[in-house]
Structures are given as structure tokens and as C-alpha cells.
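Letter by letter, the chains look like this.
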Protein chains: 2
Amino acid sequence: MKASIITIGDEILIGQIVDTNSAFIAKSLDRIGIEIHEMISISDSKEHILKTFSKFQNKVDLVIITGGLGPTKDDITKKTFCDYFDDELIVNQEVLKHVTQLIEGFFKRPITQINKDQALVPSKCTVLHNQVGTAPGMWMKKENTVFISLPGVPFEMKYLVENEIIPKVVEEYKRPYILHKTVLTYGIGESLLAETIENWENNLPDFIKLAYLPSLGSVRLRLSARGTNKELLEKAISENVISLSKIIGDSIVGFEEDETLEKIVGRFLTQQGKTISTAESCTGGKIAQVLTSVSGASNYFKGSVVSYATETKVSLLGIHAELIQKHSVVSAEVAQQMAVNVRNLMKTDYAIATTGNAGPSKGESEAEVGAVFIALATPNEVIIEEFNFGQPREKVIDRAVVKSLEMLRKEILKNVQ
Amino acid sequence: MKASIITIGDEILIGQIVDTNSAFIAKSLDRIGIEIHEMISISDSKEHILKTFSKFQNKVDLVIITGGLGPTKDDITKKTFCDYFDDELIVNQEVLKHVTQLIEGFFKRPITQINKDQALVPSKCTVLHNQVGTAPGMWMKKENTVFISLPGVPFEMKYLVENEIIPKVVEEYKRPYILHKTVLTYGIGESLLAETIENWENNLPDFIKLAYLPSLGSVRLRLSARGTNKELLEKAISENVISLSKIIGDSIVGFEEDETLEKIVGRFLTQQGKTISTAESCTGGKIAQVLTSVSGASNYFKGSVVSYATETKVSLLGIHAELIQKHSVVSAEVAQQMAVNVRNLMKTDYAIATTGNAGPSKGESEAEVGAVFIALATPNEVIIEEFNFGQPREKVIDRAVVKSLEMLRKEILKNVQ
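Residues numbered from 1 in each chain as written. Chains lettered and ligands numbered in written order. Predicted model: local features only at pLDDT ≥ 70, side-chain atom pairs only at ≥ 80, totals over all residues. Heavy atoms only, no water.

Chain A appears in an unreviewed UniProt entry as CinA-like protein from Flavobacterium alvei. According to the UniProt record, the Sequence similarities (unreviewed entry) comment for chain A reads "Belongs to the CinA family." (UniProt positions renumbered as here; feature names shortened; annotations may be inferred.)

As C-alpha cells, this is what we get:
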């Protein structure tokens, strides 16, 4: 089964924004065994869109279109759908009701005609209801090809792909059996990982594909097995994951597709009934923000003191001014005191503290750009590590966040056995 | 003058990596007045590539291809070039010399046959010398269309675009001028904005195109003028921006392409020598993190108390337990107390406080999912607003962050006059 992805919008063609939608859609379709034939970005011109539709007609089973649905002048996809399917726009009452609720109830704005026009859809289309935005998705079939139109706003597009399109496709189309298994590794670089598992990778059966998906501090290994015999695929996947674990077991932190370090840490803390707090300087509250991005974080996260200014470290965290004077604000000693004091302040089992210079220029201290001290207070001790995370600013902060969560995970794991 | 961009590589078609090369190339060409006809991503198959070449033959002036050049990719692009141009691969001595220097001199590795093969190029092509990598770029013309092949490694591609392609194109082709102007608006929805400026938009001259680029809480308006008379374009753009300002002046927050609300707020606070702190519950430290994502934030941001647990609100922020019992932890009263107390604790001029339920399930309080109270303490008063930001969790948090920065900006602006 094949699909093509069309992105409509001049903002992409002039390079003002990077098209991340196509990659998300491709990944989602690939997971259910659909092959992507082409991804194409075209302008908001009706002729260009029609021509592209015809090009894919009966050549692929699915054509997914994003963009060109916004409530503004450059909104063109709907009209083009009407032309291509010889259809007309009608008001969909359910969508109108939803749009009205969203605009008046949620955004607290007067509803405008342009808002109401979002409820206009081709009469023959199947509406894909967009619960997180105003522009509905549309599903229309012509001969052997289904054309699906989605809004270009990424989180609305994602919502419709995950909650409407994938379930509908899975239900309506027979596809080869495809089995994915994700192995999340932390703390080992992509190239080193590749070298370490080279033999294992070379011995994978032909029907298992391996993908490296690196992101900050972690590499996701995705094994994809494609075939007709489900049992065979499952057996092959699990056998190879076991043999992989024997090689890089220490670096493997999880096997869930959407697994993250903050979720893992959160689960451990919940299981053990332990709590955590943070005292953040250079990370500016991002560790707290990442920890609380997990639902249920209130079970283990009590709070944070973001002591960005030195005086805040003194007044709120009770760091002694002498200590700061003696060792400078970016020092192991200050990081340690921050961790211990916030742990006591918040009465938690664990506490993470960061102090450093994220740059671009030197701050109050003499610490060089990229220098970060991370302290982890556990019930029994305080572990302090020094890093230089280089540049730029946002990378320094992100690396400090990942590192501190890694340190936390290691410590919590000790109590699991 | 028109161009198309082709990206070759299965890793893009399965969504494993996002294609950022095309956006970079498009932006670079757009700046010198070249219009992008299409961007297309296709597989590593020779047939597919040839078909795509023919499709663009004599339809555009330039076709820029990235990917399919790496030694591991079996150099599919070079072979396809030879087929398409009826040519053969020969060793380019200059490239061979460069590759040898790079591998043996710089990487200190013995040169392999695969390395040497990188010096093989079609005999009729103009070589674009890649000083930062081993794979050379290739420039070949057929009839009215020039085909340019570049390596897929972003920084090698960028080097060749900036140092080889743009200068060569500028020298060899006559092009129209193109001017862009970005207008950043906040606090007014895309559709309401569109209605408000409809007449203005309809009166734009034909040579000025308008694009709406919405993102959370903000809409970027981009005016693009294209023509031969540079002065005329500049005059028209500035005149229309002025007339636009007369209509939506209050919503316009900036004119820089990379302008953000946190940067604007940061500049105002710095100019006025004012400081800010935050007390965050449902936003979990994200307001602090967004404020500190701006370099120089230490000039105005003192810190934050992320009081996620109710007990932390009591112990660290000194919120009275009775107040919480009486009004519930998610209430205007608690938000107000949080803002006032953190402002006093941190001795700042302004303070932002948030309390709410980000979901997915109801928390300690009875507040419904999405309910958020934001309190802004200024030197003179406390402004409290109630919202329901709906779902999902991450959107509730992001909307609360944007809203609170908007509230802050409005207040600070009052003191600008």
C-alpha cells in the first residue's frame, strides 16, 4: 500500500518554515506498513494543486494534504477539493457547533464569518473532526485513491493523524503485517553505538530493518519487521532484542515507542513512593518543566526554586554569601548546598541542583561559557558532577537537563534491586 | 526565474529525519529573487529520479538535488546524472587531491577506494568544489534547465549553496528584486485578524503578496514584494506597513523575523530597569524557562518558586492553608496570593503566578481540566484572569505561558509612554 504527502503553502516554498508535518505523517504511515511514494511541497495555486492530485490519482492509495485550510485568504484546499471531486461546499452543523464553542467559549472572542466558514466542507466528504482546532479534516475517495486534507498547524495535524486517520486506515485497508520494536538507549553516542552493535546489526534477518533515531543524549533504535507470518516476526524481534540487550544492556533504558527519561524517572519515583525537588540556576526551571510535562508528576514532584539571581540563592535557598564569595556562584560547593537546602526546604527524598553559565557571554561569575555543575542529593549522599556543555545557550541548558535526569535515573535504579 | 528542489533518500520518506535542506536552499534562492516551483522528496531509485528530472526539464531554470551522493548511498545521483546527460564518470584530479588531503592529512586515515571514488564526476559537469567535505557538487545544463547536485550533509550543502551556487547564479542570471517584511502580531486570532485587515489586504498592490504564519498566541504577517524597481518596492512595503499599523497597531509587537514575546518583554524590562519573578504551579516552571531562554535574562529575571505541591505553596510561598481550604488551590484568591508573595519574597517589580489543572485527570482540586488562573502582580496592583485552555496537557501549559507573557507585556507597555 502506497501513499503520497502534499504540503501546500508558500511559506514552505520560500523556506520561511521547515516542513515537519510530512516527516510526522510519513513516520505514522510507515509504522502501519504503508510505503511513502513521494513528499511534495507546492504553492497555494489551484492549478498546481489539481495537477498534483491528478499525478497521484490511482498511482497511490492515499494522498495526504496539509496546509491551505487556514481561515484566511490563502485558504484554497477546500475549493480545490470541490473542483477535483465536482462537489460543492455545505455547512457541517457539527463542525459549526464545535467552532462556535471553541471561539466563544474557549478563546472568548466574538465569532466571525471567517470562523463560521470553517464549517464549510465538500458535501460528499467524510469529515475528520478536529477537537483541538477549528479547521476540520476531510476524507474523499476518487476511484482507487483516497484524498485526505488536514490543517497545517502541527498539533492539529498530529491530532487528526493519530485519532482519525490511522484508526480509519487500519480498519479499512489490508496491509502487510509490520511489527516495530523501539529500544531507547541513553548516554552512548550514535557512532559508538553503531560500532558496538555492528556484528549484531549485520546478522539481522532481511525482513528486519534497523533505524537509528538520535536525539539529545539518547538514541532510539527501531527494529521494523515486515511480513505475513505474525508469530515469526514476533519471535525474530524478541530474539534479536534479547541478543542486543546482552551487548548494550547498560545503555538501554526502555522499550516503549514514546518512552522518555522523564517518564522513566517518574515511574521509578512513583513505584518507590519517593519525591523530588529541584534548585535551578542556569537551567532556569527547565528541569522542573520537563519533570512536570509528565502527567501524574504531582505524585513525586513537589516543586523547584529557580534561583536565577545570586541574591535569590541567598534569600530563598539560604546559600551562605561567604560560600559564594569563596568558591564563586558557579562551583561544586554552591551546587551541593543548593541541592541539600532545596531537599530540606521541600522535604523530598531527592533533589537536583544546577549552577552554570549558559552563555553567550560570561555572567556574574568567572565561569566560562558552557560550564555547569550538577548536584544530586539523595537520601544518603550528594553526587556532584562538573561539565562543559559548550554552546549555544539552548544546547547548554538542554544538555544539563538531560544529564541531571540521567544522574537521577542511575541513583534511583540502585534502589530497584 | 524558477527553481525546483529534489531531496533523495529513503530516510526522509520513512520520516526518520526531517528535511531541513530544502528550506535552507529555498530561503537562499528566495533572497535573490528566485521563485521555488516545487520541493519534492523521492526514494533512492534511479527510475524515480530520472522521471523527476524529466518532469522539471525546461519547466524551471534550476533543479537543485541533495542527497544520494554519500559513499554509502552507492552514489546513485552521479550514475543517474550520467544516464540523464548521456555522460560517463571520470576522475577529477583536483577533487581527488582534495579528498586525499582531507582523509590522510586531516582525518589521518588511510585513503580507501570508496574515498577515491568520490572524485569520480560526469565528464561534462562543472565541479562545485566542496572545501568542507569529500563529496563535490555538480552543475550540468540540459537545454534550458541547469541541474545541480549537492551532498545531503547539511553543513556541506550549506557551504556549496553560499560559496558556489548563489554567486554563480547571481553572476549568470538576471533576476527580479524581492523584498520581505515581517509583522509580528500577538493576542489577536488569525481569523479575526484576517477580517480586521481585509480591506487593507484587498488594496495591496499585485506585486505584494501577504502570508499568514500563525503560531501559538501569535500571527506573523509576511509581506513579499517582487519586481524590477527596488526603490518602488521599498516604498510600497513601508507605506503598506504604516497603513497596517494604523489598523492593528495595538496588536503589533515587532517587525523582526525572529522576534518573540519573551524577547520583547525582556527588552522592555531591561530598558525600564524593572525585575520579575514567577510563582508557578500548573506551568511547572515553563514561564521561568521561557523567560530565561533569552540571553541577558539575568538583567531582569530574579527567580521562580515552582510550587507544584500544595504543601510547597504553603511552606515556601506562605499561602495560608485556610485560604486554600476556603477557595481551593485552583482559585483567583490563591493565584493572587502566590503573585504577591513571590514578588515580595524576590523583591521584584513584577510577578506572575499560575495555578490550574493541566490534566489529563482532575488533580487535588475540583477544578476542571484546562482551568487556569493567572495573576500578574505589578508595582501597584494585581491583575487576575481566569481561563479554560482545554486540552491536551502540553497545550494548556503552553497557552498559560503565552497568556501570562501577553498580560505582562500589556502592563509594561503602560509605563513606556
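> It is not clear to me how the overall build of chain A should be interpreted in this structure. Could you clarify?
When its secondary structure is counted, chain A shows 16 helices and 17 strands. Sequence separation of at least 24 residues holds for 67% of the intrachain contacts in chain A that already meet a minimum separation of 6. In the structure as shown, chain A presents an accessible area of about 17,200 Å², 49% of it carried by carbon and sulfur atoms. Treating the 46 positive side-chain charges of chain A as one cloud and the 53 negative ones as another, the clouds have centres 3 Å apart. (Helix = DSSP H or I, 4+ residues; strand = E, 2+ residues; numbered from the N terminus. Contact = heavy atoms within 4.5 Å. Areas by Shrake-Rupley, 256 points an atom, 1.4 Å probe, with all protein chains shown as cover. Lys, Arg positive; Asp, Glu negative; His and termini not counted. Charge placed at Lys NZ, Arg CZ, Asp CG, Glu CD.)

> When you look at the sheet that holds strand 12 (residues 252-254) of chain B in this model, what are you seeing that I'm missing?
All names here are of chain B. Spatial strand order, 10-11-9-12: 4 strands in an open sheet with antiparallel pairing. Of all the strands in the sheet, just strand 10 (208-215) and strand 12 have a single pairing partner and so form its edges. Between one strand and the next, the sheet's axes are offset by a mean angle of 35°, whatever the strand orientation. As judged from the 10 bridges shared by strand 9 (residues 177-186) and strand 11 (residues 218-227), these two strands associate in the antiparallel manner. Paired with Thr-182 across the two strands is Arg-222, which belongs to strand 11. (Pairing = 2+ DSSP bridges. Axes fitted to C-alpha atoms, helices over the stretch in contact; angles between N-to-C directions.)

> Explain the side chain of Arg220(B) here, please?
All names here are of chain B. Summarising the element assignment, Arg-220 is placed in strand 11. Despite its burial, Arg-220 pairs with no opposite charge; the closest candidate is Asp-258, at 6.4 Å N-O. From its side chain, Arg-220 meets the backbone oxygen of Glu-259 in a polar contact 2.7 Å long. (Buried < 20%, exposed > 50% of the residue type's maximum accessible area, 1.4 Å probe, protein only. Salt bridge = Lys/Arg side-chain N within 4 Å of Asp/Glu carboxyl O. Polar contact = N/O pair within 3.5 Å; in protein donor to acceptor, adjacent residues only side chain to side chain.)

> Please clarify how unusual backbone geometry should be interpreted in this entry.
When glycine is set aside, most residues are seen to have a negative phi, and most peptide bonds are trans. In this chain, Gly359(A) is followed by Pro360(A) through a cis amide linkage whose omega measures 5°. A cis geometry characterises the amide bond from Gln391(A) onward to Pro392(A), with omega recorded as -10°. Here Pro392(A) shows up in the loop between strand 17 (382-388) and helix 16 (393-414). Positive phi, close to 50°, is recorded for Glu143(B), a residue that is not glycine. Here Glu143(B) falls in the exposed class, since its relative accessible area comes to 52%.

> It is not clear to me how the domain arrangement of chain A should be interpreted in this structure. Could you clarify?
The accessible area lost on association of the parts is a frequent measure of interface size. Residue and element names in this part refer to chain A. For chain A, the assigned domains read domain 1 (2-172), domain 2 (177-254) and domain 3 (261-415). Of the residues lining the interface, 7 residues belong to domain 2; the matching set on domain 3 comes to 8 residues. When domain 2 packs against domain 3, the two sides together hide about 590 Å² of surface, and 70% of this comes from carbon and sulfur. Interface area lost by domain 2 to domain 3 is led by Tyr-186, Leu-216 and Val-253, which between them contribute 80%. Along the contact surface separating domain 2 from domain 3 lie 0 salt bridges. Summed over the shared surface of domain 2 and domain 3, the result is 0 residue pairs in polar contact (both at pLDDT 80 or more). Counting only elements with at least two residues in the side of domain 2 that touches domain 3, the list comes to strand 9 (177-186) and strand 12 (252-254). (Domains from an automatic or database assignment. Buried area = accessible area lost by both parts, 1.4 Å probe.)

> Help me understand the interface of chain B and chain A in this model?
Taken together, the 77 residues of chain B in the interface contact 70 residues of chain A. Joining chain B to chain A, the criterion identifies 3 salt bridges. Between Lys209(B) and Asp10(A) there is a salt bridge whose closest N-O contact spans 2.9 Å. One can count 24 residue pairs in polar contact (both at pLDDT 80 or more) joining chain B with chain A. Ranked by residue count, the leading element in the side of chain B that touches chain A is strand 2 (residues 35-42) of chain B, at 7 residues. Within the side of chain B that touches chain A, the residues separate by chemical class into 31 nonpolar, 25 polar and 21 charged. (Nonpolar A, V, L, I, M, F, W, Y, C, P; charged D, E, K, R; others polar.)

> How should I be thinking about the packing of helix 3 (residues 46-56) of chain A against helix 4 (residues 77-84) of chain A in this particular structure?
In a packed pair of helices, the relevant descriptors are the angle between the two axes and the axis-to-axis distance. Residue and element names in this part refer to chain A. Contact pair helix 3 / helix 4: the axes reach a minimum separation of 10 Å and the direction vectors enclose 55°. In terms of their interaxial angle, helix 3 and helix 4 are classed as oblique. In this structure, helix 3 meets helix 4 at a crossing whose hand is right-handed. In this structure, helix 3 contributes Lys-46, Ile-49, Leu-50, Phe-53 and Ser-54 to the contact, and helix 4 contributes Lys-79, Thr-80, Phe-81, Asp-83 and Tyr-84. A breakdown of the residues in the contact of helix 3 with helix 4 according to their chemical character gives 5 nonpolar, 2 polar and 3 charged. (Parallel < 35°, antiparallel > 145°, perpendicular 65-115°, else oblique. Left-handed = near helix turned anticlockwise from the far one by under 90°.)

> I keep staring at the packing of helix 11 (residues 261-272) of chain B against helix 16 (residues 393-414) of chain B and nothing clicks. Help me out?
Residue and element names in this part refer to chain B. Orientation of helix 11 relative to helix 16, taken along the N-to-C sense of each, is 35°, at an axis distance of 10 Å. Crossing of helix 11 over helix 16 shows left-handed handedness. The residues of helix 16 that touch helix 11, namely those facing Leu-261, Glu-262, Ile-264, Val-265, Phe-268, Leu-269 and Gln-272, are Val-402, Leu-405, Glu-406, Leu-408, Arg-409, Ile-412 and Leu-413. In terms of residue class, the contact of helix 11 with helix 16 is built from 10 nonpolar, 1 polar and 3 charged.

> Could you clarify how one ought to interpret a nonpolar patch on the surface in this entry?
A grouping of Val132(B), Val153(B) and Phe155(B) is seen on the molecular surface, where their side chains present a nonpolar patch of about 240 Å² in accessible area. Tracing the backbone shows Val153(B) in the loop between strand 8 (145-150) and helix 7 (154-172). (Patch = residues over 30% accessible without salt bridge, like charges linked within 9 Å, V, L, I, M, F, W, Y side chains within 5 Å.)

> Honestly, the packing of aromatic side chains in this entry has me stumped. Any pointers?
Ring pairs (aromatic) are described by centroid distance and by the angle formed between their planes. Counted according to the given criterion, the structure contains 18 aromatic pairs over all chains. Summarising the aromatic geometry, the rings of Phe85(B) and Phe147(B) are spaced 5.7 Å apart at their centres and angled 80° between planes, so their arrangement reads as edge-to-face. With Phe85(B) in the loop between helix 4 (76-84) and strand 4 (89-91) and Phe147(B) in strand 8, the pair connects residues that are 62 residues apart, well separated along the chain. The exposure class of Phe85(B) is buried, given its relative accessible area of 8%. Of note, Lys142(A) hangs over the ring of Tyr84(A), and the distance from its end group to the ring centre comes to 3.9 Å. When the ring centre of Phe155(A) is taken as origin, the NZ or CZ atom of Lys395(B), which lies over that ring, is 4.4 Å away. (Phe/Tyr/Trp six-rings, centres within 6.5 Å; stacked < 30°, edge-to-face > 60°. Lys NZ or Arg CZ within 6 Å of the ring centre and 35° of its normal.)

> For this particular structure, what's the right way to read the pattern of salt bridges?
Residue and element names in this part refer to chain A. Counted by the stated rule, this structure contains 23 salt bridges over all chains. We note a salt bridge from Lys-235 to Glu-239, for which the minimum N-O separation is 2.9 Å. Residue Lys-235 and its partner Glu-239 are located together in helix 10 (residues 230-248), separated by 4 residues, close to a single helical turn. Exposure remark for Glu-239: the relative accessible area of 43% places this residue in the partly exposed category. Between Glu-406 and Lys-403 there is a salt bridge, with its nearest N and O atoms 3.3 Å apart. Residue Glu-406 and its partner Lys-403 are located together in helix 16, separated by 3 residues, close to a single helical turn. On the basis of relative accessibility, which here comes to 12%, the residue Glu-406 falls in the buried class. Of the residues examined, Lys-403 reaches a relative accessible area of 27% and is grouped as partly exposed.

> Any chance you could explain helix 11 (residues 261-272) of chain A here in plain terms?
Residue pairs three or four apart in sequence face the same way in an α-helix, which turns once every 3.6 residues. Residues and elements named next belong to chain A. Restricting attention to buried positions, one finds in helix 11 the residues Leu-261, Glu-262, Ile-264, Val-265, Gly-266, Phe-268 and Leu-269. Each element contacted by the buried residues of helix 11 is listed here: strand 9, strand 12, strand 13 (276-280), helix 12 (286-292), strand 15 (350-356) and helix 16. Two residues or fewer after helix 11 comes Gly-273, characterised by a positive phi angle close to 60°.

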